[in-house]
Amino acid sequence: MNALLRVLSLPAVFLSKIPGLAPVVRACSTSVGQKFLMAITGLSLIGFLVVHLAGNLQLFAGEAVFNAYAEKLHSLGPLLGIAEVGLFATFAAHIGLAISTASMNKLARKSSYALKETKQGLFILPAGGASSWMMVTGLLIFGFLVIHIMDLKLKKGFGVDYTAAMNADNEAVNSFQAVKAVLSHPVHAGIYFVCLIALGIHLSHGIRSALQTLGLHHKNWNFALRTLGFVMAWGIAGGFISLIVWALGSKS
Ligand code: HEM
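Calculation criteria
Residues numbered from 1 in each chain as written. Predicted model: local features only at pLDDT ≥ 70, side-chain atom pairs only at ≥ 80, totals over all residues. Helix = DSSP H or I, 4+ residues; strand = E, 2+ residues; numbered from the N terminus. Buried ≥ 20, exposed ≤ 12 C-beta atoms within 10 Å, placed from the backbone. Contact = placed C-beta atoms within 7 Å. Near = placed C-beta within 6 Å. Nonpolar A, V, L, I, M, F, W, Y, C, P; charged D, E, K, R; others polar. Core = buried A, V, L, I, M, F, W, Y, C linked by C-beta atoms within 7 Å. pLDDT = per-residue confidence, 0-100. Axes fitted to C-alpha atoms, helices over the stretch in contact; angles between N-to-C directions. Parallel < 35°, antiparallel > 145°, perpendicular 65-115°, else oblique. Left-handed = near helix turned anticlockwise from the far one by under 90°.

1. Quick notes on the overall build of the chain
Here's step 1: Scanning the chain from N- to C-terminus turns up 10 helices and 0 strands.
Here's step 2: For the chain, the α and β elements follow one another from N to C terminus as α-α-α-α-α-α-α-α-α-α.
Here's step 3: Every one of the 252 residues in the chain was classed for burial, and the buried ones make up 21%.
Here's step 4: When contacts within the chain are restricted to residue pairs at least 6 apart in sequence, those whose partners lie at least 24 apart make up 68%.

Okay, structure coming up:
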C-alpha cells in the first residue's frame with residue numbers, strides 16, 4: 001500500500017519542483033484537496049460523457065448524418081489530438097486520485113466498520129457502502145474503456161466483423177457501420193450493458209458526492225441535488241444503453 005501511494009505521489013513530487021507550484025501541490029495533496037480534485041475531474045468527465053452521448057445519439061438519424069458527424073470530428077486534426085490527451089489525462093488523474101484517497105482512508109482507519117451504509121444516493125447501497133461500490137463500478141468502467149478503445153478507436157474488437165465498415169483498402173472508415181458491428185455483437189453488447197449499468201451506479205453517487213465536495217450542500221436543496229444526480233446518471237447510462245437496443249434491433 002505504501003509503495004502504491006509513493007508511485008501515485010510521483011506526479012505531485014515532480015510538479016512541486018516547478019517554482020511557485022509547491023504550495024498549490026501541498027494543498028492538493030491533503031485528503032480535502034484530493035477530494036476536491038476528484039470532484040473537478042469527475043464533473044469534467046461527465047461533461048465529456050454528455051457531449052459523447054449527444055454525438056452518438058446521431059446514430060438514430062442514420063448512416064449519412066452519423067458519418068458526417070464522425071468526419072467533422074476527425075477533421076479537427078491536431079485539436080482533436082490535444083482534446084484526447086486532455087481527456088486521457090483527466091481519466092488517469094481521476095483514477096489515481098480514487099486509488100490514493102481509498103488507500104489513505106484505509107491506512108487512516110485502523111479497523112474496518114462492521115457495517116457500512118450510505119444514504120447519499122436515492123437509495124441505500126448494500127454491504128460495502130458507497131465507497132466500495134465506487135471502486136468496483138470504477139474498475140468495471142476502466143475495463144470497459146480498454147475494450148471500447150480497442151473496439152471503436154482502434155477497430156480491433158475481439159470477434160467483431162468490421163467488413164461493412166471497410167473501404168477498398170481494407171481500412172475501417174465507416175463509423176456508423178463500425179459502431180453497429182460492435183454493438184450488435186452479443187458478447188460486446190452484453191459487456192457494454194453490464195458496464196453501462198455500473199456507470200449509472202457510479203455516476204448516481206458520484207455526481208451527488210462531487211456537488212457536496214464543492215459545497216453544494218444544504219438541507220433545503222439536498223433532495224433536489226440527489227434527484228438531479230440520479231436523473232443525470234441514469235439519463236447518461238440509459239442514453240448509451242438505448243444505442244445497444246437500437247443496434248441489436250437493427251441487426252440485418
Ligand atoms: C453505446 C455506447 C457508446 C458508443 C456507441 C460510443 C461510440 C464511440 C465511438 C464511435 C468512438 C470513436 C471515436 C473516433 O472515431 O475517434 C468512441 C471513442 C471513445 N469513447 Fe465511446 N461510445 C460509447 C460509450 C462510451 C462511454 C460510456 C465512455 C466512457 C465511460 C466512452 C468513452 C470513449 C472514449 C474515452 C473514447 C476515445 C475518445 C477519443 O480518443 O477520441 N464511450 N466512442
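2. Some points on the site of the ligand
Here's step 1: The ligand sits among 20 residues. The nearest are Asn56, Glu84, Leu152, Phe240 and Leu243.
Here's step 2: Those elements that place two or more of their residues in the shell around the ligand are helix H4 (31-56), helix H6 (78-108), helix H7 (129-153), helix H8 (175-183), helix H9 (186-213) and helix H10 (222-249).
Here's step 3: Ranked by residues supplied to the shell around the ligand, first place goes to H7 with 6 residues.
Here's step 4: Each residue belonging to the shell around the ligand can be placed in one class, and the counts come to 14 nonpolar, 4 polar and 2 charged.

3. Thoughts on the nonpolar core
Here's step 1: Core analysis: the biggest nonpolar cluster contains 32 residues, and Leu199 and Ala237 have the highest contact counts within it.
Here's step 2: Within the residue set of this core, elements represented by two or more residues are H4, H6, H7, H8, H9 and H10.
Here's step 3: It is H9 that provides the largest number of residues to this core, a total of 9 residues.
Here's step 4: Residues within four places of alanine 237 in sequence aside, it is in contact with Leu196, Ile197, Leu199, Gly200 and Leu203.

4. Things to note about the confidence of the model for the chain
Here's step 1: On average, the chain scores 85 in pLDDT, and the residues at 70 or more come to 79%.
Here's step 2: For the chain, per-element mean pLDDT is lowest for helix H1 (residues 2-8), which scores 64, and highest for H8, which scores 97.

5. As for the packing of H4 against H10
Here's step 1: Two elements in contact, H4 and H10, have axes separated by 10 Å at closest approach and are oriented at 30 degrees. By the angle between their axes, H4 is roughly parallel relative to H10. Considering only the axes of H4 and H10, their crossing is left-handed. Taken together, the residues of H10 that come into contact with H4 (itself represented by Leu49, Val50, Leu53 and Asn56) are Ile236, Gly239, Phe240 and Leu243.
Here's step 2: Classifying every residue of the contact of H4 with H10 by side-chain character gives 6 nonpolar, 2 polar and no charged.

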